[in-house]
Amino acid sequence: MKIIHFSDTHLGLSDLDVSDEEGVNQREADFYKAFADVIDAIIETRPNYVIHTGDLFHRASPSNRAITFALTQLKRLESAAIPFVIIAGNHSTPRTSTSSPILEALETLDNVHAVFRQRYEPVIFDNVVFHALPHINNERIIPDELNRIEANIDPKKKNILMMHCSVGAHYLMHEFGEWVYPKEREDIFEKMDYVALGHWHGFGAVGKHPNVYYAGSTERTSSADKRDDKGYVLLELGDAVTVTHHTIPLRKSLSFSIDAERYEEELAALDLSEIQNALVEVKLYNLTASSSIDITNKAINTLFEEALHVKVKREFKAVEGEQIEGNIESISLEAYFISHIKESVTDETEQKRLSEKAKALFAHYEEGDDDTH
Ligand SMILES: [Mn+2]
């Protein structure tokens, strides 16, 4: 039996101020392409089943374009007569009971089995049971839902658990509504042939379990994600279980570092051979206030004009021997701001109060800056 497991496709996510020829946000289009690439691979591989472990859409109320795209692609699976089982993730579950879940719309397709009613449901076929546990807003009922699984395990069939959560605190994404799987219930994993997980955006096996996998996302959902190995899992279930990860081609994501003290030499030495249509991050370091003014973003953008997008990060030379660490982009500004407070405010209590306030504001700014998971 062959099963394809994929996850976290975040259809409708848009990022960066760049559009394609049709006026669609280019990153949004990249997510559609990744999804279509997986559907192509499915149709070529012809697995017995396809499973998706959540975050099909980026939002609980996706755009018309995202919905139309998803339905068109799922229709291709229906035409190929391949059953598709999907659970809701935290991104596609409404936070209030007044809005209706988007996955309900998928039930109009005959081959789609969508589990989104915030409770455990077994999806039963002739040779396999998919134990589907969708995202649940009320964490307190999760232990009871987990208790319902074992009675539905059929030893004559393959048993596959599908969940969208963090197994152990390691896989937390710091998002609204996410939950950690209770360690004391990991015994359920041993009764399953395979545990299909969604939520974490990298592919990989979980802990010491040989049969528990995150499929990972199909695209990079933030600029912090530099992974190139996005794709899907092909699961072959015979006497043994084999798990292989297949990658799909992604837009390049490249990082460059330029020492501002040796700016001209470093520029001349840059290898720009792969920048075409890439997502580029340029870190300028060893900057002083004056060299930072001299090296404009415009100059950097011109240098990398073949790239799809350029993000410039500025790291200033440490002030008064102070080492600046952490998120360079905003901390350098924060450090400058705080050193300015220290210079211009003599009263120590007032100095402390203003510094704390500045830190809180910068922390808030940083949070809002990268809300694209
Ligand atoms: Mn996700």
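### With respect to the overall build of the chain
Working step 1: Across its full length, the chain carries nine helices and 15 strands.
Working step 2: Its C-alpha atoms give the chain principal-axis dimensions of roughly 75 × 50 × 40 Å.
Working step 3: Residues counted as buried form 50% of the 373 residues belonging to the chain.
Working step 4: For the chain, restricting intrachain contacts to residue pairs at least 6 apart in sequence, the fraction spanning at least 24 positions comes to 67%.
Working step 5: Carbon and sulfur atoms make up 49% of the accessible area of the chain, which totals about 18,500 Å².
Working step 6: Side chains of the chain carry 38 positive and 63 negative charges; the gap between the two charge centres is 4 Å.

### Here we look at the coordination of the manganese ion
Working step 1: Protein-derived ligands of the manganese ion are D8 (OD), H10 (NE2), D55 (OD) and H201 (NE2), with the metal-ligand distances lying across 2.1 to 2.4 Å.
Working step 2: Each donor residue of the manganese ion belongs to the same chain, and together they define the spacing D-x1-H-x44-D-x145-H. Of this pair, D8 sits in the loop between β1 (2-6) and α1 (26-45) while H201 sits in the loop between β8 (194-198) and β9 (204-205), placing them 193 residues apart in sequence.
Working step 3: Judged by its relative accessible area of 2%, H201 falls in the buried class.

### Here's the deal with unusual backbone geometry
Working step 1: A positive phi angle is found at H10, which is not glycine, with a value near 45 degrees.
Working step 2: On the secondary structure map, H10 appears in the loop between β1 and α1.
Working step 3: Take H10: its relative accessible area is 0%, and that puts it in the buried class.
Working step 4: Its identity as a non-glycine residue notwithstanding, D55 has a phi of 60 degrees, on the positive side.
Working step 5: Along the polypeptide, D55 turns up in the loop between β2 (49-52) and α2 (64-79).
Working step 6: On the basis of relative accessible area, D55 is assigned to the buried category, the value being 1%.

### Concerning the packing of α1 against α2
Working step 1: Closest axis-to-axis distance for the α1/α2 pair is 10 Å, and the angle between their directions is 10 degrees. One way to sum up the angle between α1 and α2 is to call them roughly parallel. From α1, E28, Y32, F35, A36, I39, D40, I42 and I43 reach across to α2, where they touch R65, A66, F69, Q73, L74, R76 and L77.
Working step 2: Looking at the contact of α1 with α2, its residues break down into 10 nonpolar, one polar and four charged.

### Describing the nonpolar core
Working step 1: Within the largest apolar cluster, 34 residues are counted, with the highest numbers of intra-cluster contacts made by F6 and I42.
Working step 2: Only β1, α1, α2, β3 (84-87), β4 (112-115) and β11 (231-237) provide two or more residues apiece to this core.
Working step 3: Counting residues per element, this core draws most heavily on α1, which supplies eight residues.

### Remarks on the confidence of the model for the chain
Working step 1: For the chain, per-residue confidence averages 89 on the pLDDT scale, and residues scoring 70 or more make up 92% of the total.
Working step 2: Segment residues 326-331: pLDDT under 50, and 15 contacts once partners within four positions in sequence are set aside and those in other chains are kept.

### Notes on α1
Working step 1: The end-to-end C-alpha distance of α1 is 28 Å, a good match for the 28 Å that 20 residues give at a rise of 1.5 Å each.
Working step 2: Extensive coverage of α1 is indicated by the burial of 15 of its 20 residues.
Working step 3: By the N-cap criterion, in which a side-chain oxygen at the helix start approaches the backbone nitrogen of a residue two or three places on, α1 is capped by N25, the distance to R27 being 3.0 Å.
Working step 4: Two residues or fewer after α1 comes R46, characterised by a positive phi angle close to 50 degrees.

### Digging into the sheet that holds β9
Working step 1: On the basis of which strands lie adjacent, the open sheet formed by six strands has the order β5-β6-β7-β8-β10-β9 and mixed pairing. Edge positions in the open sheet fall to β5 (121-124) and β9, since each of these has one partner strand only.
Working step 2: One ladder, built from two bridges, connects β9 with strand β10 (residues 212-214); its direction is antiparallel. Looking at β10, one finds that A205 is bridged to Y213.

Calculation rules
Residues numbered from 1 in each chain as written. Predicted model: local features only at pLDDT ≥ 70, side-chain atom pairs only at ≥ 80, totals over all residues. Heavy atoms only, no water. Helix = DSSP H or I, 4+ residues; strand = E, 2+ residues; numbered from the N terminus. Buried < 20%, exposed > 50% of the residue type's maximum accessible area, 1.4 Å probe, protein only. Contact = heavy atoms within 4.5 Å. Areas by Shrake-Rupley, 256 points an atom, 1.4 Å probe, with all protein chains shown as cover. Lys, Arg positive; Asp, Glu negative; His and termini not counted. Charge placed at Lys NZ, Arg CZ, Asp CG, Glu CD. Donors = N, O, S within 2.8 Å, 3.2 Å for Na, K, Ca; no water. Axes fitted to C-alpha atoms, helices over the stretch in contact; angles between N-to-C directions. Parallel < 35°, antiparallel > 145°, perpendicular 65-115°, else oblique. Nonpolar A, V, L, I, M, F, W, Y, C, P; charged D, E, K, R; others polar. Core = buried A, V, L, I, M, F, W, Y, C linked by side-chain atoms within 4.5 Å. pLDDT = per-residue confidence, 0-100. Expected span 1.5 Å × (residues − 1). Polar contact = N/O pair within 3.5 Å; in protein donor to acceptor, adjacent residues only side chain to side chain. Pairing = 2+ DSSP bridges.

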